[in-house]
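Residue strings, one per chain:
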Protein chains: 6
Amino acid sequence: MTFSRPSGRAADQLRPVSIQRGFTRHAEGSVLVCFGETRVLCTASVENRVPAFLRGKGEGWVTAEYGMLPRSTHTRSDREAARGKQGGRTLEIQRLIGRSLRACVDRGALGERTITLDCDVLQADGGTRTAAITGAYVALADAVNGLKARREIKRDPIFGAIAAVSVGIYKGVPVLDLDYAEDSDCDTDMNVVMNDGGGFIEVQGTAEGHAFRREEMDALLGLAQAGIDQLVQAQRDALAD
Amino acid sequence: MTFSRPSGRAADQLRPVSIQRGFTRHAEGSVLVCFGETRVLCTASVENRVPAFLRGKGEGWVTAEYGMLPRSTHTRSDREAARGKQGGRTLEIQRLIGRSLRACVDRGALGERTITLDCDVLQADGGTRTAAITGAYVALADAVNGLKARREIKRDPIFGAIAAVSVGIYKGVPVLDLDYAEDSDCDTDMNVVMNDGGGFIEVQGTAEGHAFRREEMDALLGLAQAGIDQLVQAQRDALAD
Amino acid sequence: MTFSRPSGRAADQLRPVSIQRGFTRHAEGSVLVCFGETRVLCTASVENRVPAFLRGKGEGWVTAEYGMLPRSTHTRSDREAARGKQGGRTLEIQRLIGRSLRACVDRGALGERTITLDCDVLQADGGTRTAAITGAYVALADAVNGLKARREIKRDPIFGAIAAVSVGIYKGVPVLDLDYAEDSDCDTDMNVVMNDGGGFIEVQGTAEGHAFRREEMDALLGLAQAGIDQLVQAQRDALAD
Amino acid sequence: MTFSRPSGRAADQLRPVSIQRGFTRHAEGSVLVCFGETRVLCTASVENRVPAFLRGKGEGWVTAEYGMLPRSTHTRSDREAARGKQGGRTLEIQRLIGRSLRACVDRGALGERTITLDCDVLQADGGTRTAAITGAYVALADAVNGLKARREIKRDPIFGAIAAVSVGIYKGVPVLDLDYAEDSDCDTDMNVVMNDGGGFIEVQGTAEGHAFRREEMDALLGLAQAGIDQLVQAQRDALAD
Amino acid sequence: MTFSRPSGRAADQLRPVSIQRGFTRHAEGSVLVCFGETRVLCTASVENRVPAFLRGKGEGWVTAEYGMLPRSTHTRSDREAARGKQGGRTLEIQRLIGRSLRACVDRGALGERTITLDCDVLQADGGTRTAAITGAYVALADAVNGLKARREIKRDPIFGAIAAVSVGIYKGVPVLDLDYAEDSDCDTDMNVVMNDGGGFIEVQGTAEGHAFRREEMDALLGLAQAGIDQLVQAQRDALAD
Amino acid sequence: MTFSRPSGRAADQLRPVSIQRGFTRHAEGSVLVCFGETRVLCTASVENRVPAFLRGKGEGWVTAEYGMLPRSTHTRSDREAARGKQGGRTLEIQRLIGRSLRACVDRGALGERTITLDCDVLQADGGTRTAAITGAYVALADAVNGLKARREIKRDPIFGAIAAVSVGIYKGVPVLDLDYAEDSDCDTDMNVVMNDGGGFIEVQGTAEGHAFRREEMDALLGLAQAGIDQLVQAQRDALAD
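Predicted model only: the values in this text are computed from it and were never measured. (Residues numbered from 1 in each chain as written. Chains lettered and ligands numbered in written order. Predicted model: local features only at pLDDT ≥ 70, side-chain atom pairs only at ≥ 80, totals over all residues. Heavy atoms only, no water.)

Chemist: So, the relation of the copies chain A and chain B: which residues are in play, and what are the values?
Modeler: With an RMSD of 0.0 Å, the operation that places chain A on chain B is a rotation of 180° combined with a shift of 0.0 Å along the axis. Both copies are brought into coincidence by an operation consistent with a two-fold rotation axis. Within chain A, Ala-81 of chain A has its C-alpha nearest the rotation axis, a separation of 1.8 Å. Of the interface residues in chain A, 100% have counterparts in chain B that sit at the interface too, so the contact is made through matching surfaces. (Least-squares fit on C-alpha atoms with pLDDT ≥ 70 in both. Contact = heavy atoms within 4.5 Å.)

Chemist: Go over empty space enclosed by the protein, please, and point to the residues and values.
Modeler: Sizing a probe to match a water molecule and rolling it over the atoms shows the empty space that remains. Within this structure, the stated rule accounts for six cavities of 30 Å³ or more. Of the volumes computed, that of the largest cavity is approximately 60 Å³. Around the largest cavity sit Leu-69, Pro-70, Arg-71, Ser-72 and Leu-122 of chain C together with Thr-24, Leu-41, Thr-43, Asp-118 and Asp-120 of chain D, which together line it. Broken down by secondary-structure element, the contributors of at least two residues to the lining of the largest cavity are β3 (38–47) and β5 (114–123) of chain D. Along the lines of polarity and charge, the residues of the lining of the largest cavity split into four nonpolar, three polar and three charged. (1 Å grid on protein atoms, 1.4 Å probe; cavity = no way out; pocket = protein on both sides within 12 Å on 5 of 7 lines; lining within 4 Å. Points joined across faces, edges and corners; volume = space filled by probe spheres on them. Helix = DSSP H or I, 4+ residues; strand = E, 2+ residues; numbered from the N terminus. Nonpolar A, V, L, I, M, F, W, Y, C, P; charged D, E, K, R; others polar.)

Chemist: Got a sec to walk through the UniProt feature "binding site: phosphate" (unreviewed entry) in chain A? Specific residues and values, please.
Modeler: Using the residue numbers shown here, the UniProt feature "binding site: phosphate" (unreviewed entry) corresponds to Arg-89, Gly-127, Thr-128 and Arg-129 of chain A. In three dimensions, the annotated residues from a span of 41 residues occupy one location, with a maximal C-alpha spread of 13.4 Å. Considering the arrangement of structural elements, one finds Arg-89 of chain A in helix α2 (residues 88–102). Not counting the four nearest positions on each side in its chain, Arg-89 of chain A is found in contact with Tyr-66, Met-68, Thr-128 and Arg-129 of chain A together with Arg-95 of chain F. Among the polar contacts made by the side chain of Arg-89 of chain A, one reaches the side chain of Tyr-66 of chain A at a distance of 3.2 Å. With respect to the secondary-structure elements, Gly-127 of chain A resides in the loop between β5 (114–123) and α4 (128–149). Apart from residues no more than four positions distant in its own chain, Gly-127 of chain A is found in contact with Arg-15, Thr-38 and Leu-178 of chain A. (UniProt positions renumbered as here; feature names shortened; annotations may be inferred. Polar contact = N/O pair within 3.5 Å; in protein donor to acceptor, adjacent residues only side chain to side chain.)

Chemist: I'd like a description of the interface of chain A and chain B, backed by residues and values.
Modeler: In this complex, chain A contributes 38 residues to the contact, which on the side of chain B involves 38 residues. Roughly 3000 Å² is buried in total at the junction of chain A and chain B, and carbon and sulfur atoms are behind 49% of that figure. When residues of chain A are sorted by the area they lose upon contact with chain B, His-26, Arg-71 and Arg-76 of chain A head the list and together hold 25% of the total. The tally of links from chain A across to chain B stands at 14 salt bridges. Our count for the contact surface shared by chain A and chain B stands at 24 residue pairs in polar contact (both at pLDDT 80 or more). Breaking the side of chain A that touches chain B down by element, the ones donating at least two residues are β3 (38–47), β4 (61–68), α1 (80–83) and β5 of chain A. Looking at the side of chain A that touches chain B, the element that brings in the most residues is β3 of chain A, giving seven residues. In the side of chain A that touches chain B, the residues fall into 13 nonpolar, twelve polar and 13 charged. (Buried area = accessible area lost by both parts, 1.4 Å probe. Salt bridge = Lys/Arg side-chain N within 4 Å of Asp/Glu carboxyl O.)

Quick look at the structure:
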C-alpha cells in the first residue's frame, strides 16, 4: 500500500493559501486568510494607549485575541462569552499569536500605541492557529502602513515577516500543513513559527500517539522551513496588491 | 432645506439586501445576510437534545446566541469572552432573536431537538439585530429542510416566515432601515418583527431624544410593514435558489 | 359565555394602586409601590460622582437596578447574587427602567451626580417592571426635591412625569394591567412607558401565542394611554401628600 | 459623667421587637422582624428535594441565604448580584443563620425536603444577623406547621426555639442589642445564639478596639441570656396569634 | 471505661508544636508551623501601598489569605482557583486571621504599607486556622523586624503577641487542641484567639451536636487560656532563635 | 571575557536535584522535588471516577493542576483563587503537565480511575514546570504502586518514565536547566519533555530576544537529552529508596 493523504496532497504540499486584505471596513487592517477550508478573519486595531505596565515608557504593545465562532467546527462548541470564560486552549493560542507577532515589532518605533490582533475562526479545518499568525502579520502590516501613511510614526516598527505552519507525522510519514482529517489521526503535531530570515520564533511539538525521535524532528523542521518560505511569499504577494 | 438621508436613500427605502446561503460548510444552515454594510453570519445547528425543562415532553427548542466580533464596529469593543460575561445588550438581542424565531416553529413537529441560531456580526453599520433575525430565518429553514430531506421529521415544523426591520424618526422624518449614521443621530428607534401574514411578533420602540406621538408611531409601523414585505420576498428568493 | 378576567376587573380597569413614600429611612427617596398584589420597593440614592464616561462633562446620570427577592414569586427563584450573575431578564428590565427615567431628566441641571434607582420586588403578581417605573419616578422626585431643598441644585432637572403599564390580549380581549394569572395565560403582552404629555417613551410588545394585528395594537395602545393617565394622577397625589 | 446609650435605653434593654407573620403571600413562612429600626424580611420556602450529598438518605436540609437591599444602609452598597459574587460577610452570616436553625431541627422527621430561609434586610440599623435568626425561626415554624397541617409530615421536626441577640461593650459598659450608632463605636461585639433551654448554639465575639477580659465576657453572656429569654417570648407570642 | 483521646493526649494537652522560621526564601517572613500533623506555611509579604480606603491616611494595613492545597486533606478537595471562587469557609477563615493579627498592630506606626499574611495548609489534621494565626504572628514579627533593621520604620508597630487554639467537648469531656479525629466527632468546637496579656481577641464557638451549657463554656475558656500561654511561649522561643 | 553562569555552573550542568517521597501523608503519592532553589510539591490523588467523556469506556484518566503559592516568587503574586480565575500561564502549564504524564500511562490498564497530579510551587527559582513534571512522575508511580500493592489493578499502567528540563541560550551560549537569574535574561527558552527511551514528548521553544537558528536548536536539544538522562536516573534512585 502506498501512503496517501486524505486530501491527496504530497507530503510537502501546503493547502491552497489565500490572503484577502480589506475583508471588513472598520479595522486598520482586516484580512481573511484561508489555508484550504480553514478560514480566519484577522483584524488589527490601533489604539492610542498601552497597558498599565507600559505607561510612560514610550513603547507600544502588540497583543492578540483568538476565538472560534460556535459553529466554525464540525459540531457546535459552546460560545465562550456565554460560558463566561475563555478556555485553556484559547488562552494558549492567543498568547502564542501575540508573542509571535511581537517578535517582528520594534515597540519603541511603534510609540505608545496598542495594536490588537483579533483572530476569529469562521470555519475550522485544522491549522487555525498557524493560519491566524500568518494572516495577522498581514493585518498588522496594513495597520502599520496606515500609521506611516498618516505620518503618525516615523520609523517602520516592523522588521521582517512572521508566518507559521503545522507539521506532523501522519501514518508514519512527516507531512506539511495538517488538515482536520490528518490532525485528528496523527501521532505527532508540531506548530512552527518562523521569520523570513529562517529563524525560529516558536516551536511547539506534542507527541500524541508515540514519542518522536530526533530524526523525525529534523524532518519535521525541514518541512516547516520549506512551507514557511511559501507562506512568506504569499504574504508578500498579498501586500503588493 | 430638503430632507435627505446620509445614504441618499428615500425615506421608505431599504438598503441593498443580500442573503447568501451555504456561507460556511459545517452548520446545518449557514447564511451571510447583508443589509447594506451590515453583515451578519447566521448559522443553524441541530442537536438531538433539549434543555432540561423540556426533557421527555416530545417538544423541541429553538434558541439564539448573538455576538459582535470585537472589530466589527468603528472602534474596537471588548471581547465578551475575555471580559467573562455577555453584556445586557447582547442578552437582550439574543433573547429577542430566539423569541422571534420560535414564533414560526411548531415545536411538537420538531421533536426533541434543539436548533441554535448563532448570529455573529462580522461588520456593523446599524440594524444588526434585524438583519440577524431576517438571516436566521433562512438558516433555520435550511436546517429544517435538511431534517425533512433526511426523513428525520415528518411534518414541517415551520409555518410562515419571520423578518425584521428597524424604523425611526430621523431629523423629524420617519424612515425605514436605519444605518449607523442615522441610528446614532435619531430621536426614536423602533425594531419591528413581523410574519409574512402581516402579524406583529415583536415591537420595541425607544424614544431617544423626545417622546414620540401616536401619529408618528402609526407612520413608523406602516413603513415597517412595507419593508418587511420586501424582506420576506428576499428570503423567498434566497430559499428558491 | 361572557368574558371575565380572573380578578373580576373590567377590561380597562387598573388594579388598586398605592404609592407609599418614605417606606425606608436611609434613601433620599424610598417608595413602596403596589399594583394590586405586586409590591416593589423603589429607592433613589444620590451620589456625588458619575460613571467614567461622563467625568468632567458637567452632566449627571440616572441609572437603575432591579431584583426580585427569591421568594417574591410563587416558587422560589435562585438568588442572583448566589448564582454569581444577573440573568438576561433582570438586565433587560433594569436597562428599561434606567432609560425610561432618564427620559424626564435634564442631566445638565442635575450636575455631576448619579441617582441610582433600586427596584426590588418584595412580592410579584405580574407587572413588576411597570410598577417599578411608576414607583421609581416618585422616589426620583423625592430625591431631587431633597437636592433642591438643600439648595444643592438650582434648576429642577425633572421635566414631566413618567409612568408605565402593561396591556395584553387575554382570551381575545384587550385588557389593561395584567396580573400574574392573566400574564401567564395571555397571547400578547405589551409594556408601555409614557410621559404625562401623552408621548411614548418605550413600547415593548411581544406576541406570545399568536401574532397580533394592527387593530389589536391600536386597541392596546389606547388602553395603555388611559391607564397611564390614572397612574400619573396617583403619582401626583402621592407627591402632594 | 453618667453613662448613656445613644438611644436612651438601659444597658440591659432590648429595642422594641416586632414579629409580623404573613408579610408576603407566596412563601410557606413569611415574617417581617424588626429590632428597632432594623427590619428583615425572612421567608421560608419548602422544596421536595435535597442537596446532592443527602440524596436517598431520608433526611431533610435547612439552609439560609442573606442579603441586604443596596439602600438598606446609610450609604448605598453595591448590589451583590451586579458585582457577581456574595461578599465574605454575606457568606459568613448566611452560614451562621443556617447552622443556627439546623440546631433545632430533626432532619429525619423533616424527610427529604429542603427549607430555605431567605433573610433580606430592608432597613439596617445594627443587629441584622441576630434579627434574621430570630425572625427566620418563626418563618421556619410556620412552614413546618403548614406541612403538619397538610399531613405531609408526621412527627414535628422542630424541637425547642432558637433566637439570637448581640451584646457588646460600649464606652466601657456591657450593653444588650447594639444599634448602628453603638455598633460602629464599640470596643467589643458579640453575637450569641441560644435555644429556649438556655443552651448556647453559637457565640461569636470580636474585640474591635481592645481585647476583652474574662469578667467582661461573663457579663456579656449574662446580658445575652436575659435578652434571649425575651426574644423567645416574643416568638411565642407571634406564633400564638 | 475511662475517657481517652484518639491521640492518647491528656485533656489539657497540646499536640507537639513546632515553629520553623525562614522556611522559604523570598518572603519577608516565612514560617512553617506544625500543630501535630497539621502543617501550615505562613508567609508575610510587605508592600509599599495600601488599599484604596486607606490611601493618604498615613496608616498601614494587615490582611490575610488562606488556602488549602487540594490534597492537604484526607480526600482531595477542589482547587479554589479552578472552581473560580473561594468558598465561604475560606473567606471566613482568612477574615478571622486578618482581624486577629490586626489586633496587635499599631497601623500608624506601620506607615503606608500592607503586610499580607498568606497561610497555606500543606497538610491538615484539624486546627488549621488556629495554627495559621499562631504561625502568622511569627511571620509578621519577622517582617516587621526586617523593616526595623532596615530603618524603614521608627516605632515598633507590634504590641504584644497573638496566638490561637481550638477547644471542644469530645465525648462529654472538654479538651484542648482538637485533631481531625476529635474534630469530626465532637459536640462543640470553639476557636479562641488571645493576646499574651490574657485578653480575648476572638471567640467562635459552635454547638455541633448539642447546645453547650454555661459551665461547659467556662471550662473550655479555661483550657484555651492555658493552651495559649504555651503557644505564646513557643512563639517567643522561635523568635529568640 | 569568559562566559560564566550566575550560579557558576557549567553550561551542561543541572542544578542539584532532590526528590523526596512521602512529603505529606494523605495523598497516594506525595513528592517534594527540588531543582536547586525551585521547590514543588507534587501529589497524586486516586479517585474511582472518570470525567464525563470517559464514563463507561473502561479507561482511566490522568490530569494535572498547577499553582504557585502567592509568595513563592520574588514579589508577591495575586492568589488565583482570590482573583477568581486561573491565568493563561497556569492553564498552559497544567495542560502541559497532564499531557506529558499521560504519555507514559496505559489508560486501559488503569481502569475507571482518575489520578490527579497537583503541582504546587512552594518556592520558585526558574524551571517550575519542568521540576513539576519530573516530580509528578514519581508521585504518579507511588500512587500506581499503591494500587498494585492493594491488588486493585492487575497490569502496570505505567510504561517508561517521563522527565523534563529547560534549556536556553544565555549570553549567546546554550545552557541547561535555567534558573531565575538566567531565565529572566535569556534570548531563547525551551522546555523539553522526554521519556527514558530518548523519545520527545513535548518541545516548546520560544525566542524571547532573537529568533534562533537551526544549529542553536540542535545544540539545545542535545543538552536537554543529556540532562533528562540524569533526571531519569534521579527518579529511579528516589523510587528505589
